[in-house]
Amino acid sequence: MFPNSSNLGHPPFPPKHQNQSNFSNKFPLNLPPTLVSHQQIIDAQFSSWNTVTLLSGNLATVPAVTPQTMTCRNGSRVHTSDASTPIRGRKRPCEQTTTNVKRQRFHSHHSETTVVNQAVPLPEERRYSFPASIQSPLLNARYLPGFTGYVLPLQDRIETTLPVAKDKLSQQVLEIFHACQQQICDLNRKELCRTELQKEIQQIFPQSRLFLVGSSLNGFGTRTSDADLCLVVKEEPVNQKTEARHILSLVQTLFNTKLCYIERPQLIRAKVPIVKFRDKVSCVEFDLNVNNIVGIRNTFLLRTYAQNVFILLAVENRVRPLALVIKKWAHVHEINDASRGTLNSYSLILMVLHYLQTLPEPVLPSLQKNYPESFDPTMQLHLVHQAPCTIPPYHSKNGSSLGDLLIGFFKYYATEFDWSHQLISVREAKAIPRPDGIEWRNKFICVEEPFDGTNTARAVHEKQKFDRIRCEFMQSWQLLRDKKDLNYILPLRAAIQKR
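Conventions adopted
- Residues numbered from 1 in each chain as written.
- Predicted model: local features only at pLDDT ≥ 70, side-chain atom pairs only at ≥ 80, totals over all residues.
- Heavy atoms only, no water.
- Helix = DSSP H or I, 4+ residues; strand = E, 2+ residues; numbered from the N terminus.
- Buried < 20%, exposed > 50% of the residue type's maximum accessible area, 1.4 Å probe, protein only.
- Contact = heavy atoms within 4.5 Å.
- Areas by Shrake-Rupley, 256 points an atom, 1.4 Å probe, with all protein chains shown as cover.
- Core = buried A, V, L, I, M, F, W, Y, C linked by side-chain atoms within 4.5 Å.
- Salt bridge = Lys/Arg side-chain N within 4 Å of Asp/Glu carboxyl O.
- Polar contact = N/O pair within 3.5 Å; in protein donor to acceptor, adjacent residues only side chain to side chain.
- Pairing = 2+ DSSP bridges.
- Axes fitted to C-alpha atoms, helices over the stretch in contact; angles between N-to-C directions.
- Parallel < 35°, antiparallel > 145°, perpendicular 65-115°, else oblique.
- Nonpolar A, V, L, I, M, F, W, Y, C, P; charged D, E, K, R; others polar.

Draft legend 1. Spotlight on the overall build of the protein. From N to C terminus, the protein includes 15 helices and 14 strands. Out of the 499 residues belonging to the protein, those deemed buried represent 55%. Considering only residue pairs separated by 6 or more positions, the protein has 69% of its internal contacts joining residues 24 or more positions apart. Total accessible area computed for the protein in this model is approximately 22,800 Å², and 51% of it derives from carbon and sulfur atoms.

Below, the structure is given as structure tokens:
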């Protein structure tokens, strides 16, 4: 399931007529800061009573923990909990290096009381974070008008299942998918960082909103996926070469001087400039852009493709396992890095969707052609998240196994697709002739962005890299066709260990 980020899908600039929730008004203003360790929450076992207590904000019933003093990068003093946190189960390697700040955040120096933000959230954020071993009870909760911050999970309407693997290759695909797909705890860690960063950035841009986008929310994320953030500072477009770079330079300065849990912030002056950084607490790498609104729209388009397919009158999901394995394959073969002139993950996902649309018996339709009003590129941001809930499931008659679809994917791009004259279009659900515009002229791979029509594979600008990509497709198709064993192109053990 794909729970949404706290404010994703809600207006970055709330309409004047929008009613404000009185949720935060229930908190006593003179409530002293109460620190709650993750271990205490684990020990509470999250009974239904405890859950209601957390959601209602009744902190008086939660035992306090004696704080300790700790010095941050900028010299300010913060408090941490000294509650014992015995290790339960294996720890991820990155967590072993962050013993002092593990799963904790620091308030801005603007706050009157500088304390660690614990599992109990600030009421105005409607944010609930849970330890990695505990599933948030809100992730299955229905959206309530008084609780802004969560939209319906796609499975809320119909429970989906993975296909039954009747052959070895299909079973191998499912094995990698189960081991490597993004878990709820992974998303919680990203969301915790997004929530804290939004509060800090709003000290500079008070009306801004920070959106979690990309694979973290679109259904195609893995346990090692980086996180993409979109900072929306205004409704109008911004000049990416000047205005966006200036805004990002201010954000970079904020990260460098005020936030001790952010390391290595680096401003990348690309066509869409970003600030790359690492969060010490979650051990996640982030890319932050400014007003790249198309990223919010295509997140929900791909999210709908990831979960909305009927197969022979049963809800069966083959799209996500297939796409995840292909992402892993591209990474292992070193053709999944736009900074080195190969394919980015977004282009790979679009290539998978396009292939599934072009089969004699399609697995996927064109959602934009069938439901243009739900994916209108001019739709206001606070309505975008509603699109997946308005699309009825697609009834596909294609009964191919995961293994057959994987072999077919490599065969399609190795022998059938015309790289020189055709363009990959998910919007049209077919390969279309290349336009004669500068965006497509003399390009080796053309993958149309479904909303703004740009080339998502423009990073492949060297013939040597393009020839290598085609060679990998050809060799993988031939090996899978002859061996029917995924280990020949993607060793299972290595892929799972690098999850």
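Draft legend 2. The arrangement of the nonpolar core in detail. Judged by nonpolar contacts, the single largest core of 66 residues is most densely connected at Met-351, Leu-356, Leu-406, Tyr-413 and Leu-486. Secondary structure elements with two or more residues in this core: helix 3 (168-180), helix 7 (294-307), helix 8 (319-332), helix 9 (345-357), helix 13 (402-416), helix 14 (463-483) and helix 15 (492-497). Among the elements that line this core, the one with the most residues is helix 13, at nine residues. Ignoring sequence-local partners within four residues, the contact set of Leu-356 consists of Val-319, Leu-322, Pro-362, Val-363, Leu-364 and Leu-405.

Draft legend 3. A look at the pattern of salt bridges. As enumerated under the stated definition, the model contains 19 salt bridges in all. Between Glu-285 and Arg-264 there is a salt bridge whose closest N-O contact spans 2.9 Å. With Glu-285 in strand 9 (residues 284-290) and Arg-264 in strand 7 (residues 262-268), the pair connects residues that are 21 residues apart, well separated along the chain. Given the relative accessible area of 54%, Arg-264 is considered exposed. Residues Asp-337 and Arg-340 are paired through a salt bridge, measuring 3.7 Å at the closest nitrogen-oxygen approach. Taking relative accessible area as the criterion, Asp-337 reaches 28% and is therefore assigned partly exposed.

Draft legend 4. Molecular detail of the environment of Thr-454. Inspection of the secondary structure assignment puts Thr-454 in the loop between strand 14 (430-433) and helix 14. Considering only alpha carbons, one finds Thr-454 and Trp-440, 14 residues apart in sequence, at a separation of 8.6 Å. One polar contact links Thr-454 to Asp-452, side chain to side chain, over a distance of 2.8 Å.

Draft legend 5. A look at the pairing of strand 13 (residues 422-425). Pairing of strand 13 with strand 14 involves four bridges; the strand directions are antiparallel. Across the sheet, residue Ile-424 finds its bridge partner in strand 14, namely Ala-431.

Draft legend 6. Here's a closer look at the packing of helix 3 against helix 8. It is at 9 Å that the axes of helix 3 and helix 8 come closest, and there the two elements cross at 85°. Classified by the angle their axes make, helix 3 and helix 8 are roughly perpendicular. Contacts between helix 3 and helix 8 involve Val-173, Leu-174, Ile-176, Phe-177 and Cys-180 from the first element and Arg-320, Pro-321, Leu-324, Val-325 and Lys-328 from the second. When the residues that make up the contact of helix 3 with helix 8 are grouped by side-chain class, the tally is eight nonpolar, no polar and two charged.

Draft legend 7. Representation of unusual backbone geometry. In this structure, Asn-291 takes a positive phi of about 55° despite not being glycine. Of note, Asn-291 is situated in the loop between strand 9 and helix 7. In the Ramachandran plot, Ala-429 falls in the positive-phi region, its phi being about 60° despite a non-glycine side chain. One can find Ala-429 in the loop between strand 13 and strand 14.

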